[in-house]
Amino acid sequence: MAEMSAQMRAALLEVLIHGELPRAEIARRLLLSRASLTRITRQLVDGGFLTEGETRLVGQTGRPSEMLSVRAEALHFLGIKLTGDRLYAVVTDLSARIVAAAEQPIESREPADVVAQIAVVAREFAEAGHELSAVGIALAGRARQRRDGAIVERSAFLDWTDVALGSLVAEATGLPCSVENDVQALTATEHWFGAGAGIDDMALITVGVGIGCGLVVNGEVVDGAHARAGQMSHMIVDEAGPYCGLGHRGCVSSMLVSAAISKAVRRAEDEYEQAVEAARDGDPIAQAAFADAGRALGALIATVVNLVDPKKVVLTGDGIAVHELGGDAMRAALTERLDKDAAEVDLDVRAWDFSKWARAGAGIAIRGLLT
């Protein structure tokens, strides 16, 4: 990939994101002459990144055109999700399809030890026949992007401050390394390879241990001036609600995070699954807690929709049962708080497992290599 020109990367990217395309359409999108595009795509075909498919009649002229598609198996990427105590890893192809996965405990949170563990995982995947082109790491916290590698400014779960994770992992693995906040990474990956493919304006909301919100506006993931866009956890949704750990009354976190729901159901903070089962079994206290959580979620979605007018809102996360158990309250709050002229919300609810966080790591590795 290092020898690939910017125009080659751009052409590959068009086919990767939008699916198979004829040369003429790629040339039109990139404002290139047909001759230049033919030369570029020939290099990509010869390099094994694109394949030539069937000939179709396209456009108003009805001329036969040969379709080009990505050869996804040409490159493989390592995606990592770090929590406070576990490392989730996947290998994906160029289309972010998972082809291998692993999970293991983090024995030590010392940055050097975590970096060494990532290097071992990369080596083991390589030895299993997965030649890796880059690595991407998603984690809860703030990551600052620099030319010499991303810095993890703060990660509460890992108890890290100002860790030069990007350069450390690149040195340990010999691979280009991208590091990003997990919600931002998931948003970017869903934008290219998932629910947001082909959409220029979308929002992604994650519910569970924490609340996350990622935004794509005019085709670009929104970072914000201080890499803090989407901080919605402490937005007040019920001034008579419970207090969160920071002393805010009735904020999203006080009602919607898994620990808050467990507390409302009079269970330990780590007994969210038991709270879910109680609600499913008809326990009125549990059902009321999920209704409150649903109202908070509806208010959150309405605020995001009113602010940025996304074409689609993707809802996912390890606390996704809120949508099942508090859905009626969520829809009522959404209707109540939406602008009266707002378009109907296209809410795309996605099932969840931790491999999706790791896939998001691979997604930012792909994006880093191509952009």
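Residues numbered from 1 in each chain as written. Predicted model: local features only at pLDDT ≥ 70, side-chain atom pairs only at ≥ 80, totals over all residues. Heavy atoms only, no water.

Peer 1: Hey, could you run me through helix α12 (residues 327-337) in this one?
Peer 2: An α-helical turn contains 3.6 residues, so any two residues separated by three or four positions project in the same direction. Those residues of α12 that sit buried are G327, A329, M330, A333 and L334. Along the long axis of α12, the arc covered by the buried residues comes to 160 degrees, so they all point the same way. Seen from the buried face of α12, the exposed residues on the opposite side, beyond 90 degrees, are D328, T335 and E336. If you follow the buried residues of α12, they end up packed against α10 (284-308), α11 (321-325) and β16 (347-349). (Buried < 20%, exposed > 50% of the residue type's maximum accessible area, 1.4 Å probe, protein only. Helix = DSSP H or I, 4+ residues; strand = E, 2+ residues; numbered from the N terminus. Arc of directions from axis to C-beta. Contact = heavy atoms within 4.5 Å.)

Peer 1: I keep staring at the environment of V265 and nothing clicks. Help me out?
Peer 2: Mapped onto the secondary structure, V265 falls in the loop between α8 (258-264) and α9 (272-280). For the pair V265 and Q287, spaced 22 residues apart in sequence, the C-alpha separation works out to 8.7 Å. Once residues within four sequence positions are removed from consideration, V265 is found in contact with A275, I285, A286 and A289.

Peer 1: Mind showing me how you'd approach the pattern of salt bridges here?
Peer 2: Counted according to the given criterion, the structure contains 25 salt bridges. Ionic pairing is found between K340 and D341, a salt bridge with its closest N-O pair at 3.3 Å. You'll find K340 and D341 in the same group, each marked exposed. Because the salt bridges share partners, they merge into one network encompassing R23, R42, D46, E52 and E66. (Salt bridge = Lys/Arg side-chain N within 4 Å of Asp/Glu carboxyl O.)

Peer 1: In this structure, what is going on with the environment of A227? I would like to understand it.
Peer 2: Examined against the element boundaries, A227 turns out to sit in the loop between β14 (220-221) and α7 (252-256). For the pair A227 and R142, spaced 85 residues apart in the sequence, the C-alpha separation amounts to 7.3 Å.

Peer 1: Any chance you could explain the nonpolar core here in plain terms?
Peer 2: As a rule of thumb, soluble globular proteins bury nonpolar side chains together. Of all hydrophobic cores here, the largest spans 41 residues; its most connected members are I205, L256, L297, L300 and I301. The element contributing the most residues to this core is α10, with 12 residues. Core analysis: the next-biggest nonpolar cluster, separate from the first, contains 31 residues, I17, V45, A362 and L369 among them. (Core = buried A, V, L, I, M, F, W, Y, C linked by side-chain atoms within 4.5 Å.)

Peer 1: I keep staring at the packing of aromatic side chains and nothing clicks. Help me out?
Peer 2: The way to describe two aromatic rings as a pair is by their centre distance and the angle between their planes. This model, assessed by the stated rule, comprises 4 aromatic pairs. Where W192 meets F193, the ring centres are 5.8 Å apart and the plane angle is 80 degrees; that geometry is what we call edge-to-face. Geometrically, the ring pair formed by Y272 and F290 is tilted, given 6.0 Å between the ring centres and 55 degrees between the ring planes. Taken together, the residues Y272 in helix α9 and F290 in helix α10 connect sequence positions 18 residues apart. Taken individually, Y272 and F290 each receive the classification buried, so the pair is uniform in this respect. (Phe/Tyr/Trp six-rings, centres within 6.5 Å; stacked < 30°, edge-to-face > 60°.)

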